[in-house]
Amino acid sequence: MANFAAPFPLHSDPRRRGVDPHEREALFGRELTYFFHALPDLPVGVDPHEREALFGRELTYIYHALPDPPVYADGDLCVLLDDDGGGVDRLSLLPDKLLGDIVSRLPIKDAARTAVLSRRWRPIWRATPLVLVDTHLLPAGDDVIPEHLDRASSSAVADAVSCILAAHPGPFSCVRLTCCYMDEHRAQVVRWLKHLVKGSVKDLFLINRPWPLEVAPIPSTLFSMTELTCLYLGFWRFPDTTGLLRGAAFPRLRKLGLCSVYIHKQDIEFVLSRSPVLEILCFEGLLFPLHLHLVSNSLRCLQVHGCKLANITVADAPRLERLFLHTYESKGLKNRIKIAHAPALRLFGNFELGKDKLQIVNTIIKARTWANPSVTIPAVKTLDVDVRFGVRNDTKMLPIFLRCFPNVERLHIHSNNTTESNGRLNIKFWQESGAIKPVLSRINLMVFHDFRGEQNEIAFLKFVIEKAPMLRTLMIVYAHGCFGSRHDASSKAKALFAGKRANDRCFLAVCESERGGGALWNLQNGSDFSCPDPFGVLQCSSFGVGHWFV
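Residues numbered from 1 in each chain as written. Predicted model: local features only at pLDDT ≥ 70, side-chain atom pairs only at ≥ 80, totals over all residues. Heavy atoms only, no water.

Going by what an unreviewed UniProt entry lists, the chain is known as F-box domain-containing protein and is assigned to Urochloa decumbens.

As structure tokens, then:
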């Protein structure tokens, strides 16, 4: 994902209350101009096709973040006839409710076509909760969201969507629109949202295609959709909430995804305060650094992926179980994560030592932070952290950071490569670091990512093997292309077990990371509460005890 730079100050809220709307609009335009000129590797005057390709890649990340559609293009309606081929249409004899359930599982074009089968079928489609996936309206008619789309196809899809919504009174189970340059169809988009309000839409995915480079404001009609349970927005400017009526709210919204959306801190806080049952909040590729002050009695999962982060303060989130971070450092801004009140937090990561700063209540975790039970997050069971083992300060911070999570059972360590190597720390350093030993006493699974066989990595792993009595599985994922062969990597990993070990039943799994650093992060896996370890490479629990997997 592109590492967007932001050369203008973003600490103050430019859309503060009391500012003239025209001044606010002009300021937003200037900020957006700065943003587009700051795109990495794309100086002013660059070929427009290269800029479009960049936004194509951004769209790919967004599309990957979306949940799978509830209806697939390979759905098929087969009419059952008597064996002689000329008998009774048994499908049409089924009850209306069952027929409606069948129609709701068909792609939109096939579902609408059922209305021409006979009088018996005509009212079925109109009474069935509509599932509209606009990729099914393209000539290919499949589930794949195209990265590139010509204007003719966009206009054809927009016209088809308008016709379908006008013909269907609702309700709308799921509407997923990803194939339109919506800024060119503003009047139609406004009408769509009004239709969806009347039709009590449940799940809405509204992904704009912002080309030319412009982020359009989404109509504030959005706040009239009181039946929404799931909302994903992509490449929009979030509405100004300062002028909204007091009754504007999302009383049933449980999942919210904001993908490459321009949104202010005060608007995020407004949405949180007006969404009393919101459980999952996802940010993907936001256009500007994120400032988040989290207060929610309902939120269970927060994901911030592919974003620049100014600060996150978990002020009061009593039900928060999962906090996922995968951010980019902003020039002049340090990523700061403050955990004030999150007593149910069980999964935390990906925290990057040297880039991110952690504050627990009023204490900032730093090199000389003394061990203190009040400066811990005891509920965390799964932890994911990035370390540059070649950077002495980062390595020294690791035991101090780990002791903030005294009850960790699953630990993921990413060994980040660096050109700033400034010294080696041998196993003696870890043996003298008493702060880390209590943490190791509970770990039963460790996954060491991007292993390169460097001395600092080996020293740390040997210490873990010697001092972790509950460790049942050590998985080493070696960096792609770092070893000449799988055998070389396996031999290097096996040598770690040559000396003393705290658990003789601990076994080793070795595999190579994917080319390019692994697959895209899946927001759905992260918010799947039935998955105990979304950071996992594979299910280690299926391995047999006492075997080497190499």
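From this point, the discussion proceeds with the structure in view.
Peer 1: Hey, could you run me through the packing of helix H6 (residues 151-167) against helix H7 (residues 186-198) in this one?
Peer 2: When two helices pack together, their arrangement is given by the angle between the helix axes and the distance between those axes. Relative to each other, H6 and H7 sit at 30°, their axes nearing to 10 Å. Classified by the interaxial angle, the pair formed by H6 and H7 is roughly parallel. Read as a crossing pair, H6 and H7 show a hand that is left-handed. Between H6 and H7, the contacting residues are Ala 158, Asp 159, Val 161, Ser 162, Leu 165 and Ala 166 on the first element and Gln 188, Trp 192, His 195 and Leu 196 on the second. Residue composition of the contact of H6 with H7, grouped by class: 6 nonpolar, 3 polar and 1 charged. (Axes fitted to C-alpha atoms, helices over the stretch in contact; angles between N-to-C directions. Helix = DSSP H or I, 4+ residues; strand = E, 2+ residues; numbered from the N terminus. Parallel < 35°, antiparallel > 145°, perpendicular 65-115°, else oblique. Left-handed = near helix turned anticlockwise from the far one by under 90°. Contact = heavy atoms within 4.5 Å. Nonpolar A, V, L, I, M, F, W, Y, C, P; charged D, E, K, R; others polar.)

Peer 1: Help me out: how do you make sense of the pairing of strand S6 (residues 280-284) in this one?
Peer 2: Regular strands have side chains that alternate between both faces of the sheet. Counting buried residues along S6, 5 of its 5 residues qualify, which places the element largely inside the surrounding structure. Relative to S6, strand S5 (residues 255-259) is paired through 5 bridges, and the arrangement is parallel. Considered in S6, the bridge of Leu 256 is made with Leu 281. The β-α-β motif built from S5, the intervening helix H8 (residues 265-273) and the parallel element S6 has right-handed crossover chirality. Summarising the sheet, S6 and strand S8 (residues 301-316) pair through 5 bridges and their orientation is parallel. Among the inter-strand pairings, Phe 283 is bridged to a residue of S8, identified as Val 304. (Buried < 20%, exposed > 50% of the residue type's maximum accessible area, 1.4 Å probe, protein only. Pairing = 2+ DSSP bridges. Right-handed = clockwise from strand over helix to strand, strands pointing away.)

Peer 1: Whenever I open this one, the layout of surface pockets confuses me. Can you help?
Peer 2: Over the atoms, a rolling probe the size of a water molecule traces out where space has been left empty. The calculated volume of the second largest pocket comes to roughly 400 Å³. Along the wall of the second largest pocket there are 22 residues; nearest its centre are Ile 365, Lys 366, Ala 367, Asn 393 and Met 397. Going through the elements one at a time, strand S12 (356-360) and helix H9 (392-402) are the ones with two or more residues in the lining of the second largest pocket. The element best represented in the lining of the second largest pocket is H9, accounting for 7 residues. The residue makeup of the lining of the second largest pocket, split by class, is 11 nonpolar, 3 polar and 8 charged. (1 Å grid on protein atoms, 1.4 Å probe; cavity = no way out; pocket = protein on both sides within 12 Å on 5 of 7 lines; lining within 4 Å. Points joined across faces, edges and corners; volume = space filled by probe spheres on them.)

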